[in-house]
Amino acid sequence: MTDKSEFSFAVVRFNERTYESGGVVAVIKGIEAAQRTLNDFDWCQSEENRRAGWRYFLEKTDLPPGMDPEKATTLRQVRFDL
């Protein structure tokens, strides 16, 4: 089994009702730290956003931890388009 503490994970925001992407909100090293960050984003989300369908998920990535979320979103989208 591989050690997931060495991998980076992108926390990605999306709307489960409209399938709209909210982009990458953070790039975190290690599964435990990424899961805590995901939980923090989810917990801090307003009830209005939650009712509107906004959610978060983790995605394994090779992007560097701490990368600017806007740049990470752009790179992630370019990779999907290829």
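Read on for a plain summary of the structure. Numbers given to residues run from 1 along each chain, matching the order in which its sequence is written. Restriction of local features to residues with pLDDT of at least 70 applies here, the model being predicted, together with a cutoff of 80 or more for giving and counting side-chain atom pairs; totals for whole chains, interfaces and linings are based on all residues. Hydrogen atoms and water are omitted, and side-chain values are computed over all heavy atoms in the structure.

**Here we look at the overall build of the protein**
Each helix and strand in the protein was counted, giving three helices and three strands. For the protein, the C-alpha radius of gyration of 13 Å lies close to 12 Å, the compact-globule estimate for 82 residues. Its C-alpha atoms give the protein principal-axis dimensions of roughly 35 × 30 × 25 Å. Three exposure classes are used, based on accessible area relative to the maximum for each residue type with a 1.4 Å probe and protein chains only: buried under 20%, partly exposed in between, and exposed over 50%. Per-residue burial for the protein yields a buried fraction of 30% across its 82 residues. Residues are treated as being in contact if the distance between any of their heavy atoms lies within 4.5 Å. Taking the contacts inside the protein whose residues are at least 6 apart along the sequence as the reference set, 56% of them involve residues at least 24 apart. The protein chains shown are the only cover counted for residues, whose accessible areas, like all others here, come from Shrake-Rupley with a 1.4 Å probe. A total accessible area of about 5,700 Å² is found for the protein, and carbon and sulfur atoms account for 53% of it. His residues and chain termini do not enter the charge count, which takes Lys and Arg as positive and Asp and Glu as negative. The atom standing in for a charge is NZ when the residue is Lys, CZ when it is Arg, CG when it is Asp and CD when it is Glu. Both charge centroids of the protein, one from 12 positive and one from 14 negative side chains, sit 2 Å from each other. Labels follow the DSSP assignment, with helices taken as runs of H or I lasting at least four residues and strands as runs of E lasting at least two, numbered in each case from the N terminus. For the radius of gyration, the atom set is restricted to C-alpha positions; the globular benchmark scales as 2.2 Å times the number of residues to the power 0.38.

**Some details on the pairing of strand β2 (residues 21–29)**
The two faces of the sheet receive side chains in turn, since in a regular strand these alternate between them. For two strands to be treated as a pair, DSSP must find at least two bridges joining them. Examined bridge by bridge, strand β1 (residues 8–15) and β2 share seven bridges and lie antiparallel to one another. Across the sheet, the residue bridging to S8 is K29, located in β2. Between β1 and β2, which pair antiparallel in sequence order, lie five residues; one of them, Y19, sits at a positive phi of approximately 65 degrees.

**Comments concerning the pattern of salt bridges**
Salt bridge criterion: a side-chain nitrogen from Lys or Arg within 4 Å of a carboxyl oxygen from Asp or Glu. If you walk through the whole model with that rule in mind, you get six salt bridges. Residue R55 pairs with E16 through a salt bridge whose shortest N-O separation is 3.2 Å. Residue R55 is located in strand β3 (residues 54–61), and its partner E16 is located in the loop between β1 and β2; the two are separated by 39 residues in the primary sequence. Look at R55 and you get partly exposed, because its relative accessible area is 23%. E59 is paired through a salt bridge with R76; the nearest N and O atoms lie 2.8 Å apart. Of this pair, E59 sits in strand β3 while R76 sits in helix α3 (residues 69–81), placing them 17 residues apart in sequence. What you see here is one network of salt bridges that share partners, running through D42, E47 and R50.

**Looking at the environment of P69**
Assignment of secondary structure puts P69 in helix α3. Relative accessible area serves as the criterion here: at 30%, P69 is assigned to the partly exposed category. When the C-alpha positions of P69 and V25 are compared, they lie 5.2 Å apart, and in sequence the two are 44 residues distant. Dropping the residues within four chain positions of it, P69 is found in contact with V24 and V25.

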